[in-house]
Amino acid sequence: MTSLINSTIKPFKATAYHNGEFVQVTDDDVKGKWSVFVFYPADFTFVCPTELGDVADIYPQLQALGVEVYSVSTDTHFTHKAWHDASDTIKKINYPMIGDPTHQISRNFGVLIEDEGLALRGTFVVDPEGQIKIVEINDLGIGRDAKELLRKIQAAQYVASHPGEVCPAKWTPGQKTLAPSLDLVGKI
């Protein structure tokens with residue numbers, strides 16, 4: 001399996017449900033800002049609403065960092081609207097919910113389960129140039145944590161704006177970073 005880290009996202013065009021409307025979203029919409037793609041198996045399921053609601057809770061913090069979120073499943077945009085109307089948890093979502101019924105986007109990001117037509121739980125953080133900087137892929141029964149996603153995005157943004165520095169484990173904004181050098185070898 002080839003890593004997607006530092007690869008550029010592939011072209012796509014899809015319809016999303018966003019703020020009560022159906023809107024077109026393309027790879028061009030992603031460029032020029034930080035973006036997060038949150039893939040999940042299907043609407044009207046069990047773990048999925050807990051994850052998407054968790055992301056909805058931190059969405060204002062992500063927007064303050066200049067980050068847009070796109071949730072993606074192989075359902076249609078019509079199904080996303082129906083789920084949004086039916087579920088109190090999903091009603092909290094203010095970010096675009098992309099429909100991927102052709103499986104093109106899920107396949108491009110390497111999360112499509114071909115035999116089932118569903119996406120694995122995949123999270124991809126994309127920088128303003130369209131390059132993938134963070135990849136997390138979980139099996140269907142394992143939910144993700146939006147607070148950890150927020151921390152990872154903060155670290156990715158810090159590293160991008162501070163060449164020559166890296167963020168150690170559990171780093172949060174304001175903590176010390178590292179400047180890799182020969183002097184550090186064997187001393188951490």
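Below or above, wherever it landed, is the structure these notes cover. From a predicted model like this one, the values you see are computed outputs, not experimental measurements.

With respect to a nonpolar patch on the surface
Piece 1. Among the surface-exposed residues, Ile5, Val135 and Ile137 lie close enough to one another that they form a single nonpolar patch of about 190 Å² accessible area.
Piece 2. Position of valine 135 relative to the elements: it lies in strand S9 (residues 132-138).
Piece 3. Judged by relative accessible area, which is 32%, valine 135 ranks as partly exposed.

Remarks on the sheet that holds strand S4 (residues 67-73)
Piece 1. Here we have seven strands laid out as an open sheet, ordered S2-S1-S5-S4-S3-S8-S9, and mixed in their pairing. Each of the sheet's edge strands pairs with one partner strand only, and the pair in question is strand S2 (21-26) and S9. Sheet twist, expressed as the mean angle between neighbouring strand axes with direction ignored, is 25°.
Piece 2. Where strand S1 (residues 13-18) meets S2, six bridges bridge the pair, whose relative direction is antiparallel. The residue of S2 that forms the bridge with tyrosine 17 is phenylalanine 22.
Piece 3. Packed onto the sheet, helix H3 (residues 77-86) meets S1, S2, S4 and strand S5 (97-99) and runs at close to 15° relative to S1.

The rules we used
Residues numbered from 1 in each chain as written. Predicted model: local features only at pLDDT ≥ 70, side-chain atom pairs only at ≥ 80, totals over all residues. Heavy atoms only, no water. Patch = residues over 30% accessible without salt bridge, like charges linked within 9 Å, V, L, I, M, F, W, Y side chains within 5 Å. Areas by Shrake-Rupley, 256 points an atom, 1.4 Å probe, with all protein chains shown as cover. Salt bridge = Lys/Arg side-chain N within 4 Å of Asp/Glu carboxyl O. Helix = DSSP H or I, 4+ residues; strand = E, 2+ residues; numbered from the N terminus. Buried < 20%, exposed > 50% of the residue type's maximum accessible area, 1.4 Å probe, protein only. Pairing = 2+ DSSP bridges. Axes fitted to C-alpha atoms, helices over the stretch in contact; angles between N-to-C directions. Contact = heavy atoms within 4.5 Å.

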